[in-house]
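Below are the chains, spelled out letter by letter.
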Amino acid sequence: MSEARTTPAPSAASACGKAPAGGIVELSESRAKIDAIDREIVRLFEERMRVSHDVACYKRATGKPVLDPVREAQKIAAATSLADDDFKQFIPPLFGLIMEMSRTYQHHSIDGPTSLSDFVARIPKGATLPESPKVACQGVAGAYSHIASKALFSQAKIEFVSTWPEVCDLVEQEEVEFGVLPLENSTAGTVDRVYDLLSTRGLYIVKAVTLRIDHNILAKPGCLLEDVREVFSHEQALRQCDEFISSLSSEVHATVCKNTALAAQAVAASERFDVAAISSKECAEIYGLSVLRESVQDERNNFTRFVCVSNRPFVSSDADRSSFLLVLPHEPGSLYRVLSRIAALGVNMVKLESRPIPGREFEFMFYVDVESVPGDAAFDQLAMQIPPLCDQCCYLGSYAEISR
C-alpha cells in the first residue's frame, strides 16, 4: 500500500508567482523596473499622440469627423485580443481612456481651444464686488431672499419683485447690478427652475450664501398659541413644519401664501386675532408681530443656498468654486468619462446631481460643482477637455460661498 501524500499550502511568496533562485525580488528592484517601463509608456504615448495629430490634419483636410466609433470598437477589440487572459478585463477601459485623450488632442489640433476655454480665459479675475449695489430679489421685506440679499451685501439697495423671472429681467436689462435667487434647500432639494433660468438667460453666479432657515410662529401681540385657528405660510414652509402644525388643535388649518414674508404681512393686516404665520424673526420686527414659538421646523438642520447672479461673469479674489450644467451623450460610460477626467486633473468635485431632461425619456442632465476656478491650471484644462465629452456644457460661474 502506497504511503499517503499531502500537498503543502503555497507560501506567500509562491502565491505571488515563482520566486527567483535567490528568493523574493527586492522592492527597489521591482520599482526600478516599473520606472523604466513607465518611461517607455510615456515615450510611446507621446509618439501615439503625434501620429493622432497627423490623423487630425487628414480629417480636417477631408472634412471627416474626429469620432469614428466603428474604428474605435475594432481597435479596442484587437488590443484586448493581444492581452493575456489575466489582463484582458483591463484593456477596454485603458484603451477607451487613451482614445478619449486622443480625440481631445485632435479636437484641440483641429479647432484650437474650445469655445469654453477661450471664454473663461477672458473672464476678469480678482474682481471685488461693490459694497452697496442695486439688488433684485423675489418677495417682500423679511422674505428669506431679502435676508440672503442683506447677508451678501450689507448695504444693498434692494428692489422687490414678484417672481424669479422678473429678478432675471432686471439683471438682464441692467436695471440692477445683481439678482438673488434660491438654488437648493437641504430638505426640499435643488430648485430646477432657477437652474433653467441661469442657463437660458445667460446669467452667471458671482457669489453665494448658505442661509440657515429658522421658521417661527408669529401672531399679533396678545394672541396666544392656543388661540390660533389658521396658519399662513409658503407651501414648502408648511411642509417643513408639519409636525408642529399637527401638534396644535385639530381645529387649526393651514393656508398657503406665495412666501413666508407675505404670510406675516397678511397676519399683520388681518382683523382676526386667531391667525398666525410661519415666518422669520425679521418679519416679526418688520410687521409688528410677536413670536409665539421659535424654531418650529421639523428638521433642525434646514439650510437654503442662495446665489447672487450677474449678466456678465467675473471671478472675485476669494472665489474657490465653479458650477456647470452638463448634458452628456446617452451612451454607456459618458458620465464616467467626465468624472474620470475631473479626478485625473486633481479637482475636487463637491456636487453631482442628475435631473431628467424635459422631453427626452430617461435621459438626464447633470449639475456639477468643482473646487476650482478660471486661472487655476487644472480648471483651464477642464475647460478644454470637458466640452468635447458633452452634448452641452454650460458654465454657470465661479464664486465664493459664505454661511450665515
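Scroll up a little and you will see the structure.
Given the structure is predicted, the values throughout are model-derived calculations rather than measurements.

Structural notes on the overall build of the protein chain
The number of helices and strands found in the protein chain is 14 helices and 17 strands. Across its three principal axes, the protein chain shows a C-alpha extent of roughly 100 × 75 × 40 Å. Counting only contacts in the protein chain whose residues sit at least 6 apart along the sequence, the fraction spanning at least 24 positions is 76%. Both charge centroids of the protein chain, one from 41 positive and one from 55 negative side chains, sit 5 Å from each other.

Examining the side chain of Asn 302
Structurally, Asn 302 can be placed in the loop between β11 (290-293) and β12 (303-310). In terms of polar contacts, Asn 302 uses its side chain to reach the side chain of Asn 185, at 3.1 Å. Discounting chain neighbours no more than four positions away, the residues touching Asn 302 are Asn 185, Ser 186, Thr 187, Leu 211, Arg 212, Ile 213, His 215 and Gln 240.

Some remarks on empty space enclosed by the protein
Scanning the entire structure with this criterion turns up 1 cavity of 30 Å³ or more. As a volume, the largest cavity reaches approximately 80 Å³. Together, Leu 116, Phe 324, Leu 326, Val 338, Ile 342, Val 368, Val 370, Leu 382, Ala 383, Ile 386 and Cys 393 line the largest cavity. Broken down by secondary-structure element, the contributors of at least two residues to the lining of the largest cavity are β14 (321-327), α13 (334-344), β16 (364-370) and α14 (377-385). Considered class by class, the residues forming the lining of the largest cavity number 11 nonpolar, no polar and no charged.

Points about the side chain of Lys 220
Here Lys 220 lies in the loop between β7 (216-219) and β8 (230-234). One buried charged residue, Lys 220, remains without a salt bridge, the closest side chain of opposite sign being Glu 271 at 7.8 Å. In this view, Lys 220 contacts Val 267, Ala 268, Ser 270, Glu 271, Arg 272, Phe 273, Leu 289 and Ser 290; residues no more than four positions away in its chain are not counted.

Points about the environment of Val 140
Counting through the fold element by element, Val 140 comes out in the loop between β2 (134-138) and α6 (144-152). Judged by its relative accessible area of 18%, Val 140 is buried. Each C-alpha atom of the pair Val 140 and Pro 387 lies 40 Å from the other, and the pair is 247 residues apart in sequence. Filtering out sequence-adjacent residues up to four positions away, Val 140 remains in contact with His 146, Phe 160, Asn 259, Ala 261, Leu 262, Gln 265 and Tyr 287.

A word on the sheet that holds β11
Taken in spatial order, the 5 strands make up an open sheet running β9-β8-β10-β7-β11, and their pairing is mixed. The open sheet terminates on both sides in strands that have one partner only, identified here as β9 (253-257) and β11. This sheet shows a mean twist of 35° between the axes of neighbouring strands, independent of strand direction. Here β8 runs beside β9; their pairing, made up of 5 bridges, is parallel. When the bridges of β9 are listed, Glu 230 appears paired with His 253. Helix α11 (residues 260-269) contacts β7, β8, β9 and β10 (275-279) of the sheet and is inclined by roughly 155° relative to β10.

Let's talk about the environment of Asn 302
On the accessibility criterion, Asn 302 (0% relative accessible area) is buried. With 253 residues separating them along the chain, Asn 302 and Met 49 place their C-alpha atoms 51 Å apart. Reaching out from Asn 302, the side chain makes a polar contact with the side chain of Gln 240 at a distance of 3.0 Å.

A look at the pattern of salt bridges
Overall, the coordinates contain 27 salt bridges when judged by the stated rule. Here Glu 72 makes a salt bridge to Arg 103, at a shortest N to O gap of 2.6 Å. Here Glu 72, found in helix α3 (residues 69-82), pairs with Arg 103, found in helix α4 (residues 91-111); they are 31 residues apart in sequence, far enough to count as distant. Owing to a relative accessible area of 17%, Glu 72 belongs among the buried residues under this scheme.

Concerning the packing of aromatic side chains
Across all of its chains, the model carries 9 aromatic pairs by this definition. Relative to Phe 314, the ring of Phe 178 has its centre 6.5 Å away and its plane inclined at 65°; by these criteria the two rings are edge-to-face. Remark: Phe 314 occurs in the loop between β12 and β13 (315-316) and Phe 178 occurs in strand β4 (residues 178-185); sequence separation between them is 136 residues. Phe 314 shares its class with Phe 178; the two are buried. Geometrically, the ring pair formed by Tyr 204 and Tyr 395 is tilted, given 6.3 Å between the ring centres and 45° between the ring planes. Within this pair, whereas Tyr 204 is found in strand β6 (residues 204-212), its partner Tyr 395 is found in strand β17 (residues 392-403), the two being separated by 191 residues in sequence. Taking the relative accessible area as the measure of exposure, Tyr 395 reaches 6% and is therefore buried.

Rules used in this analysis
- Residues numbered from 1 in each chain as written.
- Predicted model: local features only at pLDDT ≥ 70, side-chain atom pairs only at ≥ 80, totals over all residues.
- Heavy atoms only, no water.
- Helix = DSSP H or I, 4+ residues; strand = E, 2+ residues; numbered from the N terminus.
- Contact = heavy atoms within 4.5 Å.
- Lys, Arg positive; Asp, Glu negative; His and termini not counted.
- Charge placed at Lys NZ, Arg CZ, Asp CG, Glu CD.
- Polar contact = N/O pair within 3.5 Å; in protein donor to acceptor, adjacent residues only side chain to side chain.
- 1 Å grid on protein atoms, 1.4 Å probe; cavity = no way out; pocket = protein on both sides within 12 Å on 5 of 7 lines; lining within 4 Å.
- Points joined across faces, edges and corners; volume = space filled by probe spheres on them.
- Nonpolar A, V, L, I, M, F, W, Y, C, P; charged D, E, K, R; others polar.
- Buried < 20%, exposed > 50% of the residue type's maximum accessible area, 1.4 Å probe, protein only.
- Salt bridge = Lys/Arg side-chain N within 4 Å of Asp/Glu carboxyl O.
- Pairing = 2+ DSSP bridges.
- Axes fitted to C-alpha atoms, helices over the stretch in contact; angles between N-to-C directions.
- Phe/Tyr/Trp six-rings, centres within 6.5 Å; stacked < 30°, edge-to-face > 60°.

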